[in-house]
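# A structural walkthrough
The primary structure of each chain is shown beneath.
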Amino acid sequence: MEIKEHISLKSYNTFGIDVFTSKFVEITDIDELKEILIENNQPILILGGGSNILFTKDFDGIVIKNNIKEINIVKETNDEIQLKVGAGEVWHEFVLFCIENNYAGIENLSLIPGNVGASPMQNIGAYGVEVKDLITEVEAFDLKDYSIKIFSNEECEFGYRSSIFKTSEKGNYFITSVTFKLNKRADINTSYGAIEKELERMNISSPSIKNVSNAVINIRSNKLPDPKKIGNSGSFFKNPIVPKEQKDKILEDYADAPNYSQPDGSFKMAAGWLIEKCGWKGKRIDNYGVHENQALVIVNYGGAKGSDIFNLSAEIIKSVKETFGIELEREVNII
Ligand code: FAD
Ligand code: EPU
């Protein structure tokens, strides 16, 4: 375990922001984590794939990159399998592992960047599935008393792009593994319109989980910028959830405003649509801007500062608030 000093984090965040950390270490198990914490009494930043982080300044502390790897069967029946997966496993590689073994339920979450350990943080979701639907428990290292804690699915308090690890217990735990329950008999979920259309285009009428995964990969590759080519963190903002009256008021002026009813009677509005209507889509300022195909994605064309991107996000929030009376909330973690 080597502690590196004063290193650039540019290649460790998908926005490609060039900031420095005083110290940097990669850990492969809990003992190494404990050792680092005991020997270095300073602020820590836990890093997975760096795909949901915006660095606005250098980090004065120790960045701990999580490389804890394992995929172990903890329970198996004829219908289901439970897998305990190390937090440092790459998310999409784990998805592909499941598909190869015919473990269903996770295929709609194909190609989401990042590591398994971050997946419960904001309850990653796409194309009609959220990871909360698959998680049975989360194992985490308590950064206050160095004990190991197991959180049941309920204890994680999952919500839309939210969990206890992003709210009341923020910064208190290092997630070390996640246990998932998958189906051994495929129960394919193509209810999301875009998947159905893509499968049709691919000429597939009775899809396998591999087909669904490929359809999702095609859709995502067409819509979202590849961080290897253009720096970004996916959706910069969450889709806002508003009361019915506020949704109805917006629809009076814009009948085409996308909206999705929620179980509690409120409505989720599409932040990308709101931002586009305010004129931001494709807007470029020097070396950063709003993506031309997806207004919810802020991009770094190369060499942008995190603070510039943060300021742009503040202008977008202000403009959507003035136009629609809705206060957008950032999804990306700002450091
Ligand atoms: P990081 O960015 O490294 O970390 C994110 C946060 O979690 C940080 O605060 C970090 O400190 C904390 N953290 C990371 N690991 C741990 C750990 N082990 N224990 C405790 N805290 C930890 N998200 C979606 O939900 N749906 C999508 O469809 C989606 N599409 C995306 C598309 C693109 C092109 C990109 C770039 C991002 C997308 N995202 C999406 C966002 C991102 O992929 C997810 O949030 C992902 O889970 C982040 O994983 P990560 O390992 O990169 O986390
Ligand atoms: N839209 C516009 N203009 C835009 C972008 C979108 O009008 O510039 C409209 C679309 O036409 C559509 C609606 O907004 O009617 C929703 O768009 P889309 O289906 O692309 O999904 P999204 O709400 O923009 C969400 C997630 C994504 C996830 C996709 C697919 C959030 C914040 N984002 O995006 O997650 O992949 O759905 O399920 O919930 C992420 O979290 O980083 C992320 C990429």
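This text gives an overview of the structure that appears in the document. Keep in mind that what you see is a predicted model, and the values were worked out from it rather than measured.

### Focus on the overall build of the protein chain
- Each helix and strand in the protein chain was counted, giving 7 helices and 20 strands.
- Taken over C-alpha atoms, the radius of gyration comes to 20 Å for the protein chain, in line with the 20 Å a tight globule of 335 residues would show.
- For the protein chain, the C-alpha atoms occupy an extent of roughly 60 × 50 × 35 Å along the three principal directions.
- For the protein chain, with 335 residues in total, the buried portion stands at 48%.
- In the protein chain, the share of contacts with a sequence separation of at least 24, taken over all contacts with a separation of at least 6, comes to 60%.
- Accessible area of the protein chain: about 16,000 Å², with a carbon and sulfur share of 45%.
- One way to put it: in the protein chain the 38 positive side-chain charges average out to a point 4 Å from where the 49 negative ones average out.

### Observations regarding the site of ligand 1
- If you check the shell around ligand 1, you find 32 residues, and the closest are Ile46, Gly48, Gly49, Ser51 and Arg220.
- Side-chain polar atom of arginine 220 to a nitrogen atom of ligand 1: 2.7 Å apart, as the coordinates give it.
- About the coverage of ligand 1: the protein hides 93% of its 990 Å² of free accessible area.
- Classifying every residue of the shell around ligand 1 gives 14 nonpolar, 16 polar and 2 charged.

### A closer look at the pattern of salt bridges
- Applying the stated criterion across every chain yields a total of 15 salt bridges.
- Two residues, lysine 244 and aspartate 248, come together in a salt bridge whose shortest N-O distance is 2.8 Å. Of the two residues, lysine 244 and aspartate 248 both sit in helix H5 (residues 244-253), 4 residues apart, roughly one turn of that helix.
- Judged by relative accessible area, which is 40%, lysine 244 ranks as partly exposed.
- Judged by relative accessible area, aspartate 248 falls into the partly exposed class, the value being 27%.

### Overview of the packing of aromatic side chains
- For the coordinates displayed, the defined rule picks out 14 aromatic pairs.
- For the ring pair phenylalanine 94 and phenylalanine 180, a centre distance of 5.0 Å and an interplane angle of 35 degrees mean the geometry is tilted. Separated by 86 residues along the polypeptide, phenylalanine 94 in helix H2 (residues 91-100) and phenylalanine 180 in strand E12 (residues 173-183) bring together distant segments of the chain. Take phenylalanine 94 and phenylalanine 180: they sit in the same class, and that class is buried.
- With 6.4 Å between their ring centres and 85 degrees between their planes, phenylalanine 165 and tyrosine 173 make a pair best called edge-to-face.

### Section: the sheet that holds strand E1 (residues 4-8)
- Strand order in this open sheet of 4 strands is E1-E2-E5-E3, and the pairing throughout is mixed. Looking along the sheet, the strands with just one partner apiece sit at the ends: E1 and strand E3 (44-47). If you compare each strand with its neighbour and ignore which way they point, the axes differ by 40 degrees on average.
- Pairing between E3 and strand E5 (residues 59-66): 4 bridges, direction parallel. The partner of isoleucine 44 across the bridge, within E5, is isoleucine 62.
- On the sheet, helix H1 (residues 30-39) packs against strand E2 (20-27), E3 and E5 and is oriented at approximately 150 degrees with respect to E2.

### As for the sheet that holds E12
- The antiparallel open sheet is built from 5 strands, whose spatial order is E6-E7-E12-E10-E11. Where the open sheet ends on each side, the last strands, each with one partner, are strand E6 (71-76) and strand E11 (148-152). Across the sheet, the mean angle from the axis of one strand to that of its neighbour is 20 degrees, orientation sign disregarded.
- In terms of strand pairing, strand E10 (residues 135-142) meets E11 through 5 bridges, oriented antiparallel. Paired with glutamate 137 across the bridge in E11 is serine 152.
- Taken strand by strand, H1 contacts E10, E11 and E12, and its axis lies near 35 degrees from that of E10.

### Some points on the site of ligand 2
- Around ligand 2, the structure places 23 residues, and the nearest of them are Tyr127, Tyr160, Glu276, Gln294 and Glu331.
- Here an oxygen atom of ligand 2 and a side-chain polar atom of lysine 223 are 3.0 Å apart.
- A distance of 2.8 Å separates an oxygen atom of ligand 2 from a polar atom in the side chain of glutamine 294.
- In the complex, the protein chains occlude 81% of the 820 Å² of accessible area that ligand 2 would expose alone.
- For the shell around ligand 2, the secondary-structure elements that each account for two or more residues are helix H4 (209-223), strand E13 (231-235) and helix H6 (271-277).

Quick notes on the rules
- Residues numbered from 1 in each chain as written.
- Chains lettered and ligands numbered in written order.
- Predicted model: local features only at pLDDT ≥ 70, side-chain atom pairs only at ≥ 80, totals over all residues.
- Heavy atoms only, no water.
- Helix = DSSP H or I, 4+ residues; strand = E, 2+ residues; numbered from the N terminus.
- Rg over C-alpha atoms; globule rule 2.2 N^0.38 Å.
- Buried < 20%, exposed > 50% of the residue type's maximum accessible area, 1.4 Å probe, protein only.
- Contact = heavy atoms within 4.5 Å.
- Areas by Shrake-Rupley, 256 points an atom, 1.4 Å probe, with all protein chains shown as cover.
- Lys, Arg positive; Asp, Glu negative; His and termini not counted.
- Charge placed at Lys NZ, Arg CZ, Asp CG, Glu CD.
- Near = heavy atom within 4 Å.
- Polar contact = N/O pair within 3.5 Å; in protein donor to acceptor, adjacent residues only side chain to side chain.
- Nonpolar A, V, L, I, M, F, W, Y, C, P; charged D, E, K, R; others polar.
- Salt bridge = Lys/Arg side-chain N within 4 Å of Asp/Glu carboxyl O.
- Phe/Tyr/Trp six-rings, centres within 6.5 Å; stacked < 30°, edge-to-face > 60°.
- Pairing = 2+ DSSP bridges.
- Axes fitted to C-alpha atoms, helices over the stretch in contact; angles between N-to-C directions.

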